[in-house]
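Coordinate analysis (summary)
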Amino acid sequence: MRPQRFENRSLIMPITTTVDYVRDLTIFTVTGNPHIDEGITTLIEFYHSRPSKNVLWDFSKASLAHVTFEELRNTVEYVIPHTKKRAGGKTIFVAPRAFEYGTIKVLKTFGEI
């Protein structure tokens, strides 16, 4: 079975979503300079559907330089109550640049606090 690909259709939404039901994997590909609301919208759609156990966030073509710590904290606060839906799953972040990598480390730290 080939992965199903669907994209958020909004012109300002630089996040595409690919779902591979066989591997129980969702890949979010982020491009450009996404606004945090776009990320939250993507997460709401993900958790209110049939969330896969495994997730890959690809930030290789995105910049997170404009995202604030408060926005990161708000994102984590949204995700934490939904983590039971993905029990045993893994999340991988692809961030080839130092700034995005550091931002994602902060995001993961907030989730552990």
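Higher on the page you've got the structure.
The present account deals with the structure reproduced in this document. (Residues numbered from 1 in each chain as written. Predicted model: local features only at pLDDT ≥ 70, side-chain atom pairs only at ≥ 80, totals over all residues. Heavy atoms only, no water.)

A short note on the environment of isoleucine 92
The line we're drawing: Helix and strand definitions here come from DSSP, where helices need a minimum of 4 consecutive H or I residues and strands a minimum of 2 consecutive E residues; each element is numbered from the N-terminal end. Note on contacts: a residue pair qualifies if any of its non-hydrogen atoms lie within 4.5 Å across the two residues.
Position of isoleucine 92 among the secondary structure elements: in strand S5 (residues 91–94). Along the sequence, isoleucine 92 and tryptophan 57 sit 35 residues apart, while their C-alpha atoms lie 6.2 Å from each other. With residues near it in sequence (within four places) discarded, isoleucine 92 still touches Val55, Leu56 and Trp57.

Let's talk about the nonpolar core
What counts here: Here, nonpolar core refers to any group of buried Ala, Val, Leu, Ile, Met, Phe, Trp, Tyr and Cys residues whose side-chain atoms link them within 4.5 Å. Only protein chains enter the calculation, and the probe is 1.4 Å; a residue is then buried if its accessible area is under 20% of its type maximum, exposed if over 50%, and partly exposed in between.
Residues Phe28, Val30, Trp57 and Phe59 are the most contacted members of the largest nonpolar core, which totals 19 residues. Contributing elements (two or more residues each) for this core: strand S3 (25–32), helix H1 (36–47), strand S4 (54–62), helix H2 (69–79) and helix H3 (98–112). Each residue touching phenylalanine 28, except ones within four places of it in the same chain, is listed here: Ile15, Thr16, Thr17, Thr42, Phe46, Val55, Leu56, Trp57 and Asp58.

Quick look at the pattern of salt bridges
We count it as follows: Salt bridges are defined as contacts in which a side-chain nitrogen from Lys or Arg sits within 4 Å of a carboxyl oxygen from Asp or Glu.
Counting across every chain of the model gives 2 salt bridges. Ionic pairing is found between arginine 23 and aspartate 20, a salt bridge with its closest N-O pair at 3.1 Å. Residue glutamate 100 is joined to arginine 97 by a salt bridge in which the shortest nitrogen-to-oxygen separation is 3.4 Å. Relative accessible area serves as the criterion here: at 4%, glutamate 100 is assigned to the buried category.

Re the environment of threonine 91
Summarising the element assignment, threonine 91 is placed in strand S5. Considering only alpha carbons, one finds threonine 91 and valine 55, 36 residues apart in sequence, at a separation of 4.7 Å. With residues near it in sequence (within four places) discarded, threonine 91 still touches Val55, Trp57 and Arg86.

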